[in-house]
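# Structural description and commentary
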Amino acid sequence: MALSLTASSDVPLAGPPRRVAARGELIACALDDDSVRVFSVASLAAGLPALQLAHAGPQRRRIDALALADDELLFVGSRERLALWRVRANADALSIVGGPTSLEPRGVRLAESGLLPALTCAAFEPGARAHPVLALGLHDTVHIFDTRAGAETIRLEGHEAAVTACAFARLESPPHAPSAGGGSLLLITVSEDRTFKLWDLRARALAHSSAVIGASALLAVAVDAPDGQHAQQQPCWFAIGSEDGTVQIFEVRLRAADGAAAVGTAAPPVVAAVRSLRMLAPHALVCRLADGGSAGGVGARGAGSTLGGASCAADGGLAIVSSVPAWRRAARDGAAARGSADATAVDAVDDEAHSSNAVHFLAFVRATQPEPAPSRPPRARAAGGADAD
């Protein structure tokens, strides 16, 4: 598969971006100065400056989440402010349509400073050309917003720790099930509690809840949903990345469930049948390559290193074996050193605070191979050597 550079920018940014979101032709970057820069492929190719959005509030809290929708809707969120912006791309120029729409989660307990809980993830419903559904993770709950009205419509509860990532998947109705008006809109959530859940937003029901699937926090999720005319017969695949560097791939199919529809919706309930397909360890492959192909290079650690969440003391002192994520342990230890009684009053996750093998981002890429040119059958030759018609 050949890759080529489409466009690049020589415009300097005020430091490295903290968060990046991309969808279609648009790219958004959140910077440490609490601003957002928005580019398009066309504006980069033309050498035009980025569109700049000011998001900082009075307390100047950093931007913790960015998300772009297919209809050029941009979400920018911090513990101080949640806002939707409409970005319009006209030829080479980018512009803002109207002002930002503020989002107000309902039933959320604010800190004494008036801040929201840690904003851990954000995702738009894919494929919706107008007013897509928006999912926001605020600590251990997920809030679903109707972007047309800017109002929260559903709140998802059940994780025992912070929800670190979420992703949508649209699946067709299972065979022999009553029509669900276009199938089910699933939201997959993963958490520091080492479990994942599948929520059917149309039925407003929990479709699947996993057991604990490992010893490390789950940090990333990516979905490869079926499409096309045979989508009903095809399963949906999703991948989950963990702090220990492993990636687990699952398959999900929907089947009709017994029982009536949930209150407030006409959609029938469905159950997600989930099957584990494979576990990958990308960091182990990198270790092998870096070590010249030697199997001994994998897992070789010196004394005093961290192994699988255990802080191993080289001098025979206390060894702490913990399933708490590395960034949470660092926040707790830092709060203890400062004499703070509230070790959970921290902002969203710092990528640098995770273990070096942690998987922070996953994506499915469909590689298409060019169709071979049709072979031309040889023409028959007459006895005299001329081509026969």
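Residue numbers here run from 1 along each chain, matching the order of that chain's written sequence. Given that the model is predicted, a residue must reach a pLDDT of at least 70 before its local features are reported, and side-chain atom pairs must reach 80 or more before they are shown or counted; all residues, however, enter totals for whole chains, interfaces and linings. Only heavy atoms go into the side-chain values, all of them from the structure, while hydrogens and water stay out.

### Considerations on the packing of aromatic side chains
A pair of aromatic rings is counted whenever rings of Phe, Tyr or Trp (Trp by its six-membered ring) have centres within 6.5 Å, and the orientation is called stacked for planes under 30 degrees apart, edge-to-face for over 60 and tilted otherwise. One pass over the full model with this rule turns up three aromatic pairs. Summarising the aromatic geometry, the rings of Phe 196 and Phe 238 are spaced 5.5 Å apart at their centres and angled 70 degrees between planes, so their arrangement reads as edge-to-face. Here Phe 196 is found in strand S16 (residues 196-200), whereas its partner Phe 238 is found in strand S19 (residues 236-242), with 42 residues between them in sequence. Residue Phe 196 shares its accessibility class with Phe 238, and that shared class is buried. Geometrically, the ring pair formed by Phe 196 and Phe 250 is tilted, given 4.9 Å between the ring centres and 55 degrees between the ring planes. Placement of the pair is Phe 196 in strand S16 and Phe 250 in strand S20 (residues 247-256), with a sequence separation of 54 residues. The class for Phe 196 is buried, based on a relative accessible area of 2%. Secondary structure elements are defined from DSSP: runs of H or I of at least 4 residues count as helices, runs of E of at least 2 residues count as strands, and each element is numbered from the N terminus. Exposure is judged per residue with a 1.4 Å probe applied to protein chains only, and the accessible area is read against the type maximum: over 50% gives exposed, under 20% gives buried, and values in between give partly exposed.

### Comments concerning the pairing of strand S5 (residues 65-68)
Both faces of S5 are covered, namely the face carrying Ala 65 and Ala 67 and the face carrying Leu 66 and Leu 68. We call two strands paired when DSSP finds no fewer than two bridges between them. Inspection of the sheet shows S5 paired to strand S6 (residues 73-77) by four bridges, in the antiparallel sense. What sits directly across from Leu 68, in S6, is Leu 74. Joining the antiparallel neighbours S5 and S6 is a turn of four residues, in which Glu 72 adopts a positive phi near 65 degrees.

### Overview of the pattern of salt bridges
The salt bridge criterion pairs a side-chain nitrogen of Lys or Arg with a carboxyl oxygen of Asp or Glu, the two atoms within 4 Å. Counted according to the given criterion, the structure contains six salt bridges. In this structure, the salt-bridge partner of Arg 62 is Asp 64, at a minimum N-O distance of 3.2 Å. No difference in accessibility class separates Arg 62 from Asp 64, as the two residues are buried. Residues joined by salt bridges that share partners form a network here, namely Glu 251, Arg 253 and Arg 275.

### Details of the sheet that holds S16
Read from one edge of the open sheet, four strands run S14-S15-S16-S17, paired in antiparallel fashion. Each of the sheet's edge strands pairs with one partner strand only, and the pair in question is strand S14 (163-171) and strand S17 (205-209). The sheet shows a mean angle of 25 degrees between the axes of neighbouring strands, direction not considered. In terms of strand pairing, strand S15 (residues 184-191) meets S16 through five bridges, oriented antiparallel. In this analysis, axes come from line fits to C-alpha atoms, helices being fitted only over the stretch in contact, and the angle between any two N-to-C directions falls in the range 0 to 180 degrees.

### Remarks on the state of the cysteines
Working definition: a disulfide is two cysteine sulfur atoms within 2.5 Å of each other. Going through the model one piece at a time under the given rule, you end up with zero disulfides. Cys 121 takes part in no disulfide bond, and the closest cysteine sulfur, belonging to Cys 166, lies 3.7 Å away.

### So, the environment of Gln 52
Its location among the elements puts Gln 52 in strand S4 (residues 51-54). Any two residues whose heavy atoms approach within 4.5 Å are treated as being in contact. Discounting chain neighbours no more than four positions away, the residues touching Gln 52 are Ser 35, Val 36 and Arg 37.

### Regarding the sheet that holds strand S1 (residues 19-23)
Pairing is antiparallel in the open sheet, where four strands are placed in the order S1-S2-S3-S4. Bordering the open sheet on either side are S1 and S4, each of which pairs with just one other strand. Within the sheet, the average angular offset between the axes of one strand and its neighbour, ignoring direction, is 20 degrees. As defined by bridge partners, S1 adjoins strand S2 (residues 26-30) across five bridges and the pair is classed as antiparallel.

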